[in-house]
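The primary structure of each chain is shown beneath.
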Amino acid sequence: MTKEFLATIFPSEASIPKSFQLHEKIDQREYLINGELISWQGDLSPVLSPVCINTGNGYEQKVIGATPLLTKKEALQALDSAVQAYDKGHGVWPSFTVAERIEHVEKFLMRMREKRAEVVNLLMWEIGKSLKDSEKEFDRTCDYIVDTINELKQSDRRSATFQNEQGIMAQIRRVPLGVVLCMGPYNYPLNETFSTLIPALIMGNTVVFKPAKYGVLLIKPLLEAFRDSFPAGAINIIYGKGRDTVGALMETGKLDVFAFIGTNKGANELKKLHPKPHRLKSILGLDAKNPAIVLPDADLDNAVAESVMGSLSFNGQRCTALKILFVHKSIVNVFIDKFNAEVSRLKPGMPWDPSVGLTPLPEPGKTDYLQSLVDDAKQHGAQVVNENGGTVIQTFFYPAVLYPVNKKMRVYTEEQFGPVVPIVAYENLEETIDYVVDSNFGQQVSIFGKDSAQIAKLIDAFASQVGRINLNAQCQRGPDTFPFNGRKDSAEGTLSVSDALRVFSIRTLVAAKSNETNKGIIGKIIRNRESSFLSTDYIF
Ligand code: G3H
C-alpha cells in the first residue's frame, strides 16, 4: 500500500457510484412522542459523514444532514408518554397478550425490511461501515427479531402450564418491568440498539429510545414504522445531547430499566443520577480490552488471519475487537511479518467499495487521539512496524502495528477502539494471566495454540475473569443465541436472544395449595377466561 494510493482514497462527488449517492441533505426534524411524529423547530445538530469529498481544491467532510437538538423539556415529555402508556402495568401495551405483542412486532419487522436499502446506505454514510458489514448488520438485526419472537413463543408455551411442587400448584409467567431507557452505541447503531429495544418492547415494557451519537439518521426511515406498529407511547424516540436529555430522565426516578451500550464512565455518571438506584435495573454493554494470546505452537496462518480480522474489522471499532496481542517471543518476529503482510492486503477505501477492508472513522478528533497513543508508545520504546502505519488522511487512519509494547504505554491498558494494534512479546504464560487478572475489563479473550495443557491452564485462569474464552478464533458476540456479557467494567447483565427476554421482565406467579377448593377456583377462572394472567392459552 503506497502513501500515494492512500492520498487518493477519498472520492470526488462525481465518482461516487450512483446507487449510493445522497442527492440532498437529510434535515430530520421528527421525533416520536405518544404515537405522534412531532416536527422540531429548534436547533439542529449537523451530521458529518466520515467520508470526505475531494473537491479538487482540497477535502471537505461531507455534511449529510442534521438531527433535532431536543432539550430537557421534550425528553421529559417522552418519558411522561412512556410512563402514561405503561400506566403502572395497566396500559394498553403491557396489557396485551404475548400473542398480540408478537403481532405488533411482526408488523414492525415487515415495515423495517422495506427500508433495508435506505438504512444500509445511511449506515455507510454515517459511520463508514462497509456495504457488506452494513448489510450484515441490518440482516442480523432482522434475524434477531425473528429469533426473539420464536423464543418468546416457546417461553410463553412453557408458562401456559401449571407446576406442582410440595403440594403447591403455581402458574409462573414473565411480566414487564416498567419504563425502559434504551441507548445504543455508534459502532452498531442498529443491531446493538435493537438487541435491547426489541426485547424490552416485546416483553410489554414501554420505551424511551435515544439513538447513538453517530448513526442517528438511519433511524429516520424507521420512524413511521415505529409510530404505526405500536400503541401510542409504547415507543418514544428522542434526539439531542445526552447531558441535556438523558440526565434529566434519570433524575426523575421514573425509569425502571436502563439499557445502555457505551462507556463505563457514561453508564456510571447516568446511573448515579437516579434517586433510587435500587429500583433501576441496568443492562450494560461497556468497554473492553480483549487480548489475544498466541502460544508458541499456534497455527500461525490461522492466528494471524483471526487476529487481523479481530483487531481491524470495522477498523477495530467493535467492543469485542482484539485490542492487544500477546505473542510468544519465540515466534513474535514471524508473527509480525505475516500479520503485516495480511494488513497490507486490507484495501483502504470508501464503504461502498465491495472489496474495501479499511474505511474512514466517524468520531471527530479520533485520528488525533490514535496518533497520541502511537506517539506515547514510541516515547516508551515501541515502533510502528508496518509500512505506512499511522498515516492520516483527513478522517482516515491507516492501521498502526506497534511493537514491542510494554506496561508503561497508554495503549497497554487503554481501549483504543480504532486501528492501532499493540503487540507484546511474552515469555511466561503468567505474564498473560496477570494482564487479564489485573485488567479493569473482563469481556473476552482469544487463545491460539495446540498444546492442550497450556490451553487448559489458561482456560482455568480466565474462566473467573471474562465472559467468553475463544479458542483459535477472534473474540465476537455471535451467534446471538449465545450469552454475551462481561465482568468488572465491561458489562452488567447478560444478553442473548433468550437472556434479553429475561432481563426485561420479572417472573410473577400465582400459587395455591393444591386442594379441591383452589383447583375449583382456578379451573373456573381459566374456563371462563376471567384473567389474562391466569390462563392456559397456547401460542401455536
Ligand atoms: O461492539 C460490540 C459488538 O457487540 C460486537 O459484536 O462481535 O458481532 O462484532 P460482534
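Thresholds applied
- Residues numbered from 1 in each chain as written.
- Predicted model: local features only at pLDDT ≥ 70, side-chain atom pairs only at ≥ 80, totals over all residues.
- Heavy atoms only, no water.
- Helix = DSSP H or I, 4+ residues; strand = E, 2+ residues; numbered from the N terminus.
- Expected span 1.5 Å × (residues − 1).
- Contact = heavy atoms within 4.5 Å.
- Core = buried A, V, L, I, M, F, W, Y, C linked by side-chain atoms within 4.5 Å.
- Buried < 20%, exposed > 50% of the residue type's maximum accessible area, 1.4 Å probe, protein only.
- Domains from an automatic or database assignment.
- Salt bridge = Lys/Arg side-chain N within 4 Å of Asp/Glu carboxyl O.
- Axes fitted to C-alpha atoms, helices over the stretch in contact; angles between N-to-C directions.
- Parallel < 35°, antiparallel > 145°, perpendicular 65-115°, else oblique.
- Left-handed = near helix turned anticlockwise from the far one by under 90°.
- Nonpolar A, V, L, I, M, F, W, Y, C, P; charged D, E, K, R; others polar.
- Near = heavy atom within 4 Å.
- Polar contact = N/O pair within 3.5 Å; in protein donor to acceptor, adjacent residues only side chain to side chain.
- Right-handed = clockwise from strand over helix to strand, strands pointing away.
- Pairing = 2+ DSSP bridges.

Visitor: Provide a residue-level description of helix α12 (residues 332-344), including the pertinent values.
Guide: Across its 13 residues, α12 extends 18 Å between first and last C-alpha, which sits within 8% of the 18 Å expected from 1.5 Å per residue. Looking at the buried positions of α12, the neighbouring elements they touch are β13 (290-294), α11 (300-312), β14 (322-328), β20 (400-403) and β21 (420-426).

Visitor: So what's going on with the nonpolar core? Which residues, and what values?
Guide: Ranked by size, the top nonpolar core spans 129 residues in total, and within it Phe 194, Phe 226, Ile 235, Phe 335 and Ile 423 carry the most contacts. Mapping this core onto the domain boundaries places at least three of its residues in each of domain 1 (16-285) and domain 2 (290-481). In contact with Ile 235, not counting residues within four places along its chain, are Leu 32, Leu 197, Leu 201, Val 207, Phe 209, Phe 226 and Phe 230. Ala 382, Phe 397, Leu 429 and Phe 462 belong to the second-largest nonpolar core, a separate cluster that totals 31 residues.

Visitor: How would you sum up the pattern of salt bridges? Please name residues and give values.
Guide: For the structure on display, the rule yields 25 salt bridges. A salt bridge links Glu 415 to Lys 323; its shortest N-O distance comes to 2.8 Å. With Glu 415 in the loop between α14 (410-413) and β21 and Lys 323 in strand β14, this residue pair connects regions lying 92 residues apart in the sequence. This pair shows no difference in class: Glu 415 is buried, exactly as Lys 323 is.

Visitor: Now, about the packing of helix α2 (residues 72-86) against helix α9 (residues 242-252): what can you tell me, with residues and values included?
Guide: With their axes 8 Å apart at the nearest point, α2 and α9 run at an angle of 50 degrees to one another. Here α2 is positioned oblique relative to α9, judged by the angle of their axes. For the pair α2 and α9, the crossing hand works out as right-handed. Only Asp 244, Thr 245, Ala 248, Leu 249 and Thr 252 of α9 make contact with α2, whose side of the interface consists of Lys 72, Ala 75, Leu 76 and Leu 79. Here the contact of α2 with α9 is composed, by residue class, of five nonpolar, two polar and two charged.

Visitor: A description of the site of the ligand should follow, citing residues and the corresponding values.
Guide: In the vicinity of the ligand, the residues found are Arg 140, Asn 187, Tyr 188, Glu 192, Arg 318, Cys 319, Thr 320, Gln 476, Arg 477 and Phe 484. Note that an oxygen atom of the ligand is positioned 2.4 Å from one of the side-chain N or O atoms of Tyr 188. Interatomic distance of 2.7 Å between a side-chain N/O atom of Thr 320 and an oxygen atom of the ligand. Each residue belonging to the shell around the ligand can be placed in one class, and the counts come to three nonpolar, three polar and four charged. In terms of domain composition, the shell around the ligand takes at least three residues from each of domain 1 (16-285) and domain 2 (290-481).

Visitor: Tell me about the pairing of strand β8 (residues 179-183), residues and numbers included.
Guide: With five of five residues buried, β8 lies mostly within the body of the structure. Of the two faces of β8, both are covered, the one formed by Val 179, Leu 181 and Met 183 as well as the one formed by Val 180 and Cys 182. A crossover connection joins β8 to the parallel strand β9 (residues 206-210) through helix α7 (residues 191-202); in handedness this β-α-β unit is right-handed. Direction of pairing for β8 relative to strand β11 (residues 257-261): parallel, over a ladder of four bridges. Bridge pairing links Met 183 to Phe 260 in β11.

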